Amino acid sequence: MGKGDKNDDGLGCKKYGVPLYGAAWVPPAAVGKDDSAAESESSSHNLNRHVVLAGGGGEGHSGIQNAILVSTFDGESNSLSDEPVAKLGTGSDLPYRTAVHPGGEGLICSFLKSCRWFELDSTTSTDEHALSLISSEKSLEQLEDVGQQLAMTFNNEGNILATGGESQDGKLRIFKWPAMESTLDESNVHASVKDLDFSPDGKFLVSVGSGPARIWNVATSTPAASLPKQNDEIFGYARFSRTSDTDQVLYITANRDKGGSITKWNTTSWKRISSTHVSRDPISAFNVSPDGKLLSIGTIQGDILILSCANMRVQSVVRKAHLGLVTALAFSADSRALVSASLDSSARVTLIKDNKKKDGMSLWTILFVILLAIAIYYARSKDYLPLKL
């Protein structure tokens, strides 16, 4: 598909009654599946997967509840459940950011002043895949009364947690999980830390906020590099590619007056490789697929774009996927589906088209046409050959 095409494979928005700020897929381990079972089901159209959503109306008297929700995605009907299968109210506290643990045991949520841990519990009463949310007794004392954390993420192994605070806190914190042993507590990293991401091998952490992006050596808890902006760029989100060490790059979104761009950086020299303009509207959400082949962006106008990592071209577009700005994007573990959330209280799953078959058919068609042309050419040439006496 080209930039002007619209992807009609979106599954329609499901409204959940609260403005949504976070969305993530629940790891298969949360419902008691081992990796082999999850891999087997990932190829099935009947796969039921779970999505965690979080949001609400905040501390005001809007009448809109603050809550963490669990919805199911039905692979057979290609849709999210009309109602959440689990819902946990959080009182007057708005769950602004969430990070689901890779092991599937639970998730951490940031609120206005503190962070709290919630458990995901698999039930076996009527549906073996049903999940419930439990407000855990686990105390996160190191993240109490620290101000709102705008960014949170676990490394792939789930044994390191990083959080970044807003202006009144403005700190970057790294902890060993689940002991919550602090390994980094750095002030003035950015005026506000907007986004964080670990490299796939866990060696580096990128932090994005005001000013340049910064790279941190996780083992030594020291700065490794500073990535400068150009002109009027405002960095928003960052993700390491999910490829081998030799091919690994870092993607950082940059908004300017003319719209949104994706900058690409070398993860050895930490030099900028390229900058590609991808949207006329500012980018409000960003992510990379686990298979390392795709990037996704959401815009303040509610559009979703899916791009190829190989050539940075837009592969598909969902115009007005949401009526409000896109707040979160997350690819499923098999990279075949993309969940998005919005301030318009809706969540959506967009299927990822497999262009291999289509591209392969086009190649065979081209080869067939070439061979047919050659055959016709030689057939005609033979008709004009002089007769041998």
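As recorded in an unreviewed UniProt entry, the chain goes by the name Prolactin regulatory element-binding protein, listed as coming from Castilleja foliolosa. Quoted straight from UniProt, the Subcellular location (unreviewed entry) entry for the chain says "Endoplasmic reticulum membrane".

Draft legend 1. Spatial organisation of the environment of His-101. As for its position among the elements, His-101 is in the loop between strand S7 (97-100) and strand S8 (106-110). Taking the C-alpha atoms as reference points, His-101 and Glu-157, separated by 56 residues in sequence, lie 9.1 Å from one another.

Draft legend 2. Just unusual backbone geometry, in detail. At the junction of Trp-177 and Pro-178, the peptide bond is cis and its omega measures out at 5° in the coordinates. Unusually for a residue other than glycine, Trp-270 sits at a positive phi of about 60°.

Draft legend 3. The arrangement of a nonpolar patch on the surface in detail. On the surface, Ile-370, Leu-371 and Ile-374 cluster together into a nonpolar patch covering about 280 Å² of accessible area. Here Ile-374 lies in helix H2 (residues 355-383).

Draft legend 4. Quick look at the sheet that holds strand S24 (residues 294-299). Taken in spatial order, the 4 strands of this open sheet run S23-S24-S25-S26, and their pairing is antiparallel. Lying at the two open borders of the sheet, with one neighbouring strand each, are strand S23 (283-288) and strand S26 (314-318). Neighbouring strand axes in the sheet, compared pairwise and without regard to direction, differ in orientation by 15° on average. The pairing of S23 with S24 spans 5 bridges and is antiparallel. Pairing of Phe-286 across the sheet is with Ile-297, part of S24.

Draft legend 5. Expanded view of the pairing of strand S4 (residues 67-74). Among the 8 residues that make up S4, 7 are buried, leaving the element largely enclosed by the rest of the structure. Counted along the chain from S4 to the antiparallel partner strand S5 (residues 79-80), the turn is 4 residues long, and its residue Asn-78 has a positive phi close to 55°.

Draft legend 6. Spotlight on the pairing of strand S29 (residues 346-351). With 5 of 6 residues buried, S29 lies mostly within the body of the structure. Direction of pairing for strand S1 (residues 14-15) relative to S29: antiparallel, over a ladder of 2 bridges. By the bridge assignment for S29, Lys-15 is matched with Ser-346. Here 5 bridges tie strand S28 (residues 337-342) to S29, and the two strands are oriented antiparallel to one another. From the neighbouring strand, Leu-338 faces S29, where its bridge partner is Thr-350. The turn linking S28 back onto S29 is made up of 3 residues, and Ser-345 within it adopts a positive phi angle of 75°.

Conventions adopted
Residues numbered from 1 in each chain as written. Predicted model: local features only at pLDDT ≥ 70, side-chain atom pairs only at ≥ 80, totals over all residues. Heavy atoms only, no water. UniProt positions renumbered as here; feature names shortened; annotations may be inferred. Helix = DSSP H or I, 4+ residues; strand = E, 2+ residues; numbered from the N terminus. Patch = residues over 30% accessible without salt bridge, like charges linked within 9 Å, V, L, I, M, F, W, Y side chains within 5 Å. Areas by Shrake-Rupley, 256 points an atom, 1.4 Å probe, with all protein chains shown as cover. Salt bridge = Lys/Arg side-chain N within 4 Å of Asp/Glu carboxyl O. Pairing = 2+ DSSP bridges. Axes fitted to C-alpha atoms, helices over the stretch in contact; angles between N-to-C directions. Buried < 20%, exposed > 50% of the residue type's maximum accessible area, 1.4 Å probe, protein only.

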